[in-house]
Amino acid sequence: MPKRFVAIWFLSLKTDWFLLRNPGLKDKAFVLAAHDHGRMVITAANSIARSQGIDKGMVLADARAILPSLEYFDDQPQKFSRLLESIGAWCIRYTPMVALDMPDGLILESTGCAHLWGNEAAYLDAIANRFNQFGYHVRLCMADTIGAAWALVHFGENKTIVQPHEQLKALMNLSPSALRIDPEILERLHKLGLRKISHIVAMPRSALRRRFGTGFIRQLDFALGNENEPILPILPPVPFQERLSSLDPILTLTGIEIALQTLLDNLCLRLYQCGKGLRFASFTCFRVDGKVVKIDIGTNRASHQSKHLFKLFELKLNSIEPGLGIELFQLDGSRVEEINPVQEKIWETTGGLDDDGVFELIDRVTNKMGANCIQRFGPDEHYWPERSFKPMDSLQEKIVSSWKSDRPRPVHLLARPEPIQVMAPIPDYPPMLFRYKNKLHKIKKADGPERIEREWWIEEGDHRDYYQVEDEDGIRYWLFRSGHYSDKNYQWFIHGFFA
Amino acid sequence: MGYVNTERADILARLQKEILPLQGYKPMPGGNRTNIDLGAANAAFPNACFPLGAVHEFQSQSPEQTAASAGFVAAMISHLAKNGEAIFWISRVRRIFPPALKSFGIEPDRVIFINAGNDNDLLWVMEEGLKCKGLAAVVGEIAEISFTASRRLQLAVEQSRVTGFLIRQHHRLIKPIASVCRWRISHLPSEFEDGMPGVGFPRWNVALEKVRNGKPGEWQMEWSEGRFNLMDMPVPAIERELNIKVG
């Protein structure tokens, strides 16, 4: 089956877009102009201005001399490059493969898409009507090759449909400039009197290659279908994708939920058959007014449980604004991983960290509150208390070293040690009393010191002498003295509470 | 006459046992494989069995008391998570020092800490956690919780039989909530048996201020060698900070 391509050419993309934003200009001649070497040069003119002989490339001052009532505005090149891209993204509704054809065209690969609209003519009409409704003037043609479709859209008749394998016949009478070639080569062709493609096709290939180079031959082959032209879709193809279009625009949450559930069931079945699971998925809603609303989910472990995935989406469904209604739903599994088949359990076990229920719960928490709020810690080979544990990357990660419990450690550790006033008798003895938050604590029992050196290969500073102390009420604290007693610039801190 | 009395007592005991399931005390499926053993203090609970699958509330008034409650809760959970089950510890800001949990019998890498941005998120995670059968326990540190929210937690627990612990630190008197037990843990001076110097095992005054269908009480407990030991010493002369009964 031959491939089919549609080329769309926006005759006046910039002015059409400008008119959409400023409907008041409808009956006036206006142009967009940009600075070029100290002059204002027209970059786009609307149809009324063109009918007065004003076209792009003219200097603005000249144009205003011709037509004093001409209105002019600043061109915004960055905005227009994004505009074409967003129109391309909108065209995803007609085919999954859309490519940009700078500066004012689109290429759709519509192989196997047209029958959804009845036939190819109806397909082209549907696209053209939608663009006309929006206010864009377009021309579009369909052919087996990108080159042929492009040539016809620029030099042929509007809405031409070239039947499969007939592109040669359709191109015969067109000028060589329809082949998308360098102006330099074009000029040479004209000098030689080759003014139609039919003249070129009749010539021997070796002569053409010698005179015009391989690039020219390639363009000719692209147009005639002797060589496949690669298409660069604006959205890379997603193999795990499900789409659901609705007869009437969907407005209600229930409707969206049903659509999501259907799509998820279909996708999960496919994933299950491939032995894969979702890690990242997005649910896209195309609205009647042309806006696109999208929600994403991620999972911590590949999953093809549609019930679980639905719960993850459910948390975000409220953020979808249906506006005037949603006409197309699309579910993409953008990141898919192999899944480890879970053996059915004979008896119910209360699971540990690899329990499915726990995983699904963590997924829900992650999607609601972000991944940063979930922490799991493993031991680290450091004595320095703040560094004695480290965050672990995943739930499955096994701990390498073991937890130490040979030394007393407080159950609550202060985020940063707080300075306290202390009365301590002689070096290396625990303090007799200390003042913390304006409360005086008399120390009855104490253990220590436990000296922890600062790791010089990480940071510099004083060592700490830790004491576990118990005050007269039986409350147990973790205190330390930073620095040597003899240095005179030591300081006492409180660092934690024992249970 | 005595025969009649014992018969009546039997009937009463049987009727009481019938009431318990109706109030949300369901025996764990498969018998009491794992339970928290508080020694003689077990007598305070209905059926002399620590109520699992319920929400326990711990009140504290100072950071020190909160640390004591956290230690006591960790020690309780170590009985529940013997087979390596996961534990949720939810708070606004994590204060727990993970390596310390090891000394209370918990593998610290089994604990999943969740830092919630606000109280609503915290309660949502707590409720979802309590619904998840794979967890051994869910601990939430929250100051203010409404009665309705606490009812929701209790209802979540009745389905899944996960045990929930709420640690509430507040400097003022706090409103009563729907919990099966209300505890207040405070420090007691530790002691070595033969008067050795130094700080001994953690020792607490454990006040069970409220227990549904049970007898509230007060005990002195020490956590050593992986179990709770009851002290049969008199209540020490230190002045306990709160004697106000709530609810």
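Rules behind the numbers
Each chain carries its own residue numbering, running from 1 in the direction its sequence is written. Working convention: letters from A go to chains and numbers from 1 go to ligands, in the order in which they are written. Per-residue local features are limited, in this predicted model, to residues with pLDDT of at least 70; the limit for side-chain atom pairs, both in listing and counting, is 80 or more; totals at the level of whole chains, interfaces and linings are taken over all residues. Working definition: helices are DSSP H or I runs of at least four residues, strands are E runs of at least two. Numbering for both runs from the N terminus. Around each residue's C-beta, the other C-beta atoms within 10 Å are counted; 20 or more make the residue buried, 12 or fewer make it exposed, and counts in between make it partly exposed. All C-beta atoms are placed from the backbone. Here contacts are defined at the residue level, using C-beta atoms placed from the backbone and a cut-off of 7 Å between them. One confidence number per residue, pLDDT, is output by the predictor and ranges from 0 to 100. In this classification, Asp, Glu, Lys and Arg are treated as charged, Ala, Val, Leu, Ile, Met, Phe, Trp, Tyr, Cys and Pro as nonpolar, and every other residue, Gly included, as polar. Pairing between two strands is assigned when DSSP locates at least 2 bridges connecting them. For helices, the fitted axis covers only the stretch in contact; all axes are lines through C-alpha atoms, and the angles between them, taken along N-to-C directions, range from 0 to 180 degrees. Orientation labels follow simple angle bins: below 35 degrees gives roughly parallel, above 145 gives roughly antiparallel, 65 to 115 gives roughly perpendicular, and whatever is left gives oblique. The nonpolar core criterion groups buried Ala, Val, Leu, Ile, Met, Phe, Trp, Tyr and Cys residues into a set whenever they are joined through C-beta atoms within 7 Å. In a helix, the anticipated span is given by 1.5 Å times the number of residues less one. Throughout, the arc means that of the directions going from the helix axis to the C-beta atoms.

**Re the overall build of chain A**
Part 1 of the reasoning: In terms of helices and strands, chain A carries 14 helices and 20 strands.
Part 2 of the reasoning: Relative to its 499 residues, chain A shows a buried fraction of 33%.
Part 3 of the reasoning: Within chain A, residue pairs in contact and separated by at least 24 positions form 55% of the contacts whose partners lie at least 6 positions apart.

**A closer look at the overall build of chain B**
Part 1 of the reasoning: Helix and strand content of chain B: five helices and nine strands.
Part 2 of the reasoning: From first element to last, N terminus to C terminus, chain B shows the α and β order α-β-α-β-α-β-α-β-α-β-β-β-β-β.
Part 3 of the reasoning: A total of 247 residues make up chain B; the buried ones form 45% of that total.
Part 4 of the reasoning: Look at the contacts in chain B between residues 6 or more apart in sequence, and 70% of them connect residues 24 or more apart.

**Section: the confidence of the model for chain B**
Part 1 of the reasoning: Chain-level pLDDT for chain B is 82 on average; 86% of the residues reach the 70-or-more range.
Part 2 of the reasoning: What the predictor reports for the complex is a pTM of 0.62 with an ipTM of 0.83.

**What to know about the interface of chain B and chain A**
Part 1 of the reasoning: Across the boundary between the two partners, chain B contributes 47 residues, which contact 44 residues of chain A.
Part 2 of the reasoning: Elements represented by at least two residues in the side of chain B that touches chain A include exactly α2 (63–80), α3 (98–101), β3 (111–115) and α4 (119–131) of chain B.
Part 3 of the reasoning: Split into classes, the residues belonging to the side of chain B that touches chain A amount to 26 nonpolar, eleven polar and ten charged.
Part 4 of the reasoning: Across three bridges, the pairing between strand β12 (residues 374–379) of chain A and β3(B) is antiparallel. Within the sheet, the bridge partner assigned to A:I374 lies in β3(B) and is B:I114.

**Brief notes about the sheet that holds strand β4 (residues 71–74) of chain A**
Residues and elements named next belong to chain A.
Part 1 of the reasoning: Spatial strand order, β3-β2-β4: three strands in an open sheet with mixed pairing. This sheet does not close on itself; its edge strands, each paired only once, are β3 (39–45) and β4. Neighbour-to-neighbour, the strand axes of the sheet open up by a mean angle of 45 degrees, direction not taken into account.
Part 2 of the reasoning: Alignment of strand β2 (residues 30–36) against β3, held across six bridges, turns out to be antiparallel. Following the sheet pairing, A34 is matched in β3 by V41.

**A closer look at the environment of A:E327**
Residues and elements named next belong to chain A.
Part 1 of the reasoning: Note that E327 resides in strand β11 (residues 326–338).
Part 2 of the reasoning: For E327 and L251, which are 76 residues apart along the polypeptide, the C-alpha to C-alpha distance reads 9.4 Å.
Part 3 of the reasoning: Apart from residues lying up to four places away in sequence, E327 is in contact with S245, S246, P249, F286 and V288.

**Section: the packing of helix α6 (residues 146–155) of chain A against helix α11 (residues 214–224) of chain A**
Residues and elements named next belong to chain A.
Part 1 of the reasoning: Close contact between α6 and α11 brings their axes to 5 Å; oriented N to C, the two are set at 90 degrees. Viewed along their axes, α6 and α11 adopt a mutual orientation that is roughly perpendicular. Touching I146, G147, A148 and A151 of α6 are Q219, F222 and A223, all from α11.

**Things to note about the nonpolar core**
Part 1 of the reasoning: Core analysis: the biggest nonpolar cluster contains 96 residues, and A:V411, B:V73, B:I77, B:I87, B:I90, B:L135 and B:A137 have the highest contact counts within it.
Part 2 of the reasoning: With ten residues, α2(B) is the single largest residue contributor to this core.
Part 3 of the reasoning: When sequence neighbours within four positions are dropped, the list of residues in contact with A:V411 reads A:F497, A:F498, A:A499, B:A67, B:A70, B:G71, B:A74, B:I96, B:F97 and B:A100.
Part 4 of the reasoning: A:A7, A:L13, A:Y123 and A:A148 belong to the second largest nonpolar core, which has 59 residues in total.

**Structural notes on the sheet that holds strand β14 (residues 412–419) of chain A**
Residues and elements named next belong to chain A.
Part 1 of the reasoning: The seven strands lie next to each other as β14-β20-β19-β18-β17-β16-β15, forming an open sheet whose pairing is antiparallel. Edge positions in the open sheet fall to β14 and β15 (421–423), since each of these has one partner strand only. Each strand axis lies, on average, 35 degrees off the axis of its neighbour in the sheet, ignoring direction.
Part 2 of the reasoning: With six bridges joining them, strand β19 (residues 476–482) and strand β20 (residues 491–497) adopt antiparallel strand pairing. Its bridge partner lying in β20, R481 is registered against W492.

**A look at the environment of A:L244**
All names here are of chain A.
Part 1 of the reasoning: Relative to the assigned elements, L244 resides in strand β8 (residues 241–250).
Part 2 of the reasoning: By C-beta crowding, L244 is classed as partly exposed, having 15 other C-beta atoms within 10 Å.
Part 3 of the reasoning: Here the alpha-carbon distance between L244 and L263, two residues 19 residues apart in the chain, equals 7.2 Å.
Part 4 of the reasoning: Filtering out sequence-adjacent residues up to four positions away, L244 remains in contact with A259, T262, L263 and F329.

**Overview of unusual backbone geometry**
Trans peptide bonds make up most of the peptide bonds, and negative phi angles are found at most residues other than glycine.
Residues and elements named next belong to chain A.
Part 1 of the reasoning: In this model, G448 is joined to P449 through a cis peptide bond whose omega is -5 degrees.
Part 2 of the reasoning: When you line up the elements, P449 lands in strand β17 (residues 439–452).
Part 3 of the reasoning: Of note in the backbone geometry, K159 takes a positive phi value of approximately 60 degrees without being a glycine.

**Remarks on helix α5 (residues 147–160) of chain B**
All names here are of chain B.
Part 1 of the reasoning: For α5, built from 14 residues, the straight-helix expectation of 20 Å at 1.5 Å per residue is met to within 8% by its first-to-last C-alpha distance of 21 Å.
Part 2 of the reasoning: Within the sequence span of α5, burial applies to A149, S150, L153, A156 and V157. Projected down its long axis, α5 shows its buried positions confined to an angular sector of 115 degrees, all on one face. Across α5 from its buried face, at more than 90 degrees, point the exposed residues F147, T148 and Q159.
Part 3 of the reasoning: Elements that come into contact with the buried residues of α5 comprise β1 (55–60), α4 and β5 (163–169).

**As for the pairing of β2(A)**
Residue and element names in this part refer to chain A.
Part 1 of the reasoning: Taken together, the four bridges between β2 and β4 define a ladder with parallel strand orientation. Bridge pairing links F30 to E71 in β4.
Part 2 of the reasoning: Hairpin connection between β2 and β3: a loop of two residues separates the two successive antiparallel strands, and H37 in this loop has a positive phi of roughly 50 degrees.

**Looking at α6(A)**
Part 1 of the reasoning: Within α6(A), eight of the ten residues are buried, which leaves it mostly tucked inside the rest of the structure.
Part 2 of the reasoning: Among all positions of α6(A), only A:I146, A:G147, A:A148, A:A149, A:W150, A:A151, A:L152 and A:V153 are buried.

**Observations regarding the packing of helix α10 (residues 205–212) of chain A against α11(A)**
Residue and element names in this part refer to chain A.
Part 1 of the reasoning: Running from N to C, α10 and α11 cross one another at 130 degrees; their axes reach a closest spacing of 7 Å. The angle between α10 and α11 places the two elements in the oblique class. The residues of α11 that touch α10, namely those facing R205, L208, R209 and F212, are T214, F216 and I217.
Part 2 of the reasoning: Split by residue class, the contact of α10 with α11 holds four nonpolar, one polar and two charged.

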